[in-house]
Amino acid sequence: GVWAGYRLGSRHESAPREVQHRARRRAHALLWAWGATVAVLVALSTISALRYESERATAAEHERRFTALVEARHRIESVEAAADPPATRVATILLRGDREGAYRLDWALDERTYRTVLDQGTRQLSLPGGDGSVELRFDLATLRERYRDRVLSGAGGVLVEEDFRLHLTLTPQLTEAERRSIRHVRCTIWNWAIRGCSHVRWGPSRSDS
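Residues numbered from 1 in each chain as written. Predicted model: local features only at pLDDT ≥ 70, side-chain atom pairs only at ≥ 80, totals over all residues. Heavy atoms only, no water.

1. Focus on the sheet that holds strand β1 (residues 75-83)
Here is the rule: Any two strands are treated as partners once DSSP identifies two or more bridges connecting them. Only DSSP runs of H or I reaching four residues or more are called helices, and only runs of E reaching two or more are called strands; each is numbered from the N terminus. All axes here are fitted lines through C-alpha atoms, helices being fitted over the stretch that makes contact, and every angle between N-to-C directions spans 0 to 180 degrees. In what follows, residue pairs with any heavy atoms lying within 4.5 Å of each other are defined as contacts.
Reading across the sheet, the three strands line up as β1-β2-β5 and stay open at both edges, with antiparallel pairing between neighbours. With partners counted over all chains shown, the strands left at the sheet margins are β1 and β5 (132-139), one partner each. Averaged over all adjacent pairs, the angle separating strand axes in this sheet is 20°, with direction ignored. The strands touched by helix α2 (residues 140-150) within the sheet are β2 (88-96) and β5, with β5 carrying the most contacts at an inclination of about 55°.

2. Quick word on the nonpolar core
Nonpolar side chains in soluble globular proteins tend to end up buried together. Defined as follows: In this description, a nonpolar core means a group of buried Ala, Val, Leu, Ile, Met, Phe, Trp, Tyr and Cys residues linked to one another through side-chain atoms lying within 4.5 Å. When a residue's accessible area, from a 1.4 Å probe over protein chains only, is under 20% of the maximum for its type it is buried; when over 50% it is exposed; and in between it is partly exposed.
Counting 22 residues, the largest nonpolar core has I93, L105, L136, F138, L166 and L168 as its most contacted members. The set of elements that each furnish at least two residues to this core consists of β1, β2, β3 (101-111), β4 (117-127), β5, α2 and β6 (159-172). The contacts of L105, once residues within four sequence positions are left out, are I93, G121, T122, R123, L125, V134, L136, L168, T169 and L170. Core analysis: the next-biggest nonpolar cluster, separate from the first, contains five residues, F66, L69, L174 and I182 among them.

3. Side note on a nonpolar patch on the surface
Rules: Surface patches are defined over residues having more than 30% relative accessible area and no salt bridge, joining like charges when they lie within 9 Å and nonpolar side chains (Val, Leu, Ile, Met, Phe, Trp, Tyr) when within 5 Å. Only the protein chains shown count as cover for residues, and the accessible areas themselves come from Shrake-Rupley with a 1.4 Å probe. Salt bridges, as used here, are contacts in which a Lys or Arg side-chain nitrogen is within 4 Å of a carboxyl oxygen on Asp or Glu.
There is a patch of nonpolar side chains on the surface, built from L31, W34, V38 and V42 and spanning about 420 Å² of accessible area. With respect to the helices and strands, V42 occurs in helix α1 (residues 2-72).

4. Considering the confidence of the model for the protein
As a reminder, the rule being used: One number per residue, pLDDT, summarises how confident the predictor is, and it ranges from 0 to 100.
Mean pLDDT for the protein: 77, with 74% of residues reaching 70 or above. Confidence scores differ between elements of the protein, with strand β7 (residues 196-208) showing the lowest mean pLDDT of 54 and β4 the highest of 95. Low pLDDT (under 50) marks residues 204-209, which in the prediction has 28 contacts with non-local residues, meaning those over four places away or in another chain.

5. Details of the packing of aromatic side chains
Selection rule: A pair of aromatic rings is counted whenever rings of Phe, Tyr or Trp (Trp by its six-membered ring) have centres within 6.5 Å, and the orientation is called stacked for planes under 30 degrees apart, edge-to-face for over 60 and tilted otherwise. We call a charge positioned over a ring when the NZ of a Lys or the CZ of an Arg lies within 6 Å of the ring centre and within 35 degrees of the ring normal.
According to the stated counting rule, one finds zero aromatic pairs in the structure shown. In this arrangement the basic side chain of R99 is found over the ring face of Y103, its NZ or CZ atom lying 4.9 Å from the centre.

6. Concerning the pattern of salt bridges
Pairs can form between side chains of opposite charge once their charged atoms are near each other. With the rule as written, the count across this model stands at eight salt bridges. Between E77 and R96 there is a salt bridge, with its nearest N and O atoms 3.8 Å apart. A residue pair is termed long-range when its members are at least 10 positions apart, and E77 in strand β1 and R96 in strand β2 qualify at 19 residues. E77 sits in the partly exposed class, given a relative accessible area of 46%. Between D131 and R96 there is a salt bridge, with the nearest N and O atoms lying 3.5 Å from each other. Taken together, the positions of D131 in the loop between β4 and β5 and R96 in strand β2 put the pair 35 residues apart, joining distant regions of the chain. For D131, a relative accessible area of 55% gives the class exposed. According to the relative accessible area criterion, R96 is partly exposed, its value standing at 45%. When salt bridges with common partners are traced through the structure, they connect E77, R96 and D131 into a single cluster.

In structure tokens:
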């Protein structure tokens, strides 16, 4: 009877110790989980900050390259109009810039009163670095015919004294490397800054259409 009572008493004494041990293990597990969660959050925050700084540095570098490209591209400095020979109108387009490469020149020639387009076209250019020039030639007889057909609806025997306007746009044709170097620049900024436009009044021109 004494031995049985001793075992019963020992069992009752050991029960609180086991409960305390389990509670301690649970507390340790919770503390470990909390520490691991904090470590993961800190790591994610650090990665996010590093990625942000990297993207910001990349965007800044692309903006710098874009600015350099805009400054180096060829621009239309001026346009000189002349008659050479008398039946031909010649527009000499003076260009200034440092970027060597491909460009697209778009033009449209219209008359001033109704702004009817009499001639238009596109020319692909390969420009060296430095200043240069490009010529556009327009046949006066062809312009008279188009003016008669498009403005006067085919009427003939009319003395025409009209100002012509030449609209020019010079756009660089970027290489793949150039496109990659500025791919983070907004398209609105690109379209506004990279294209060079010019307008010149050309006239008056008198002809019997």
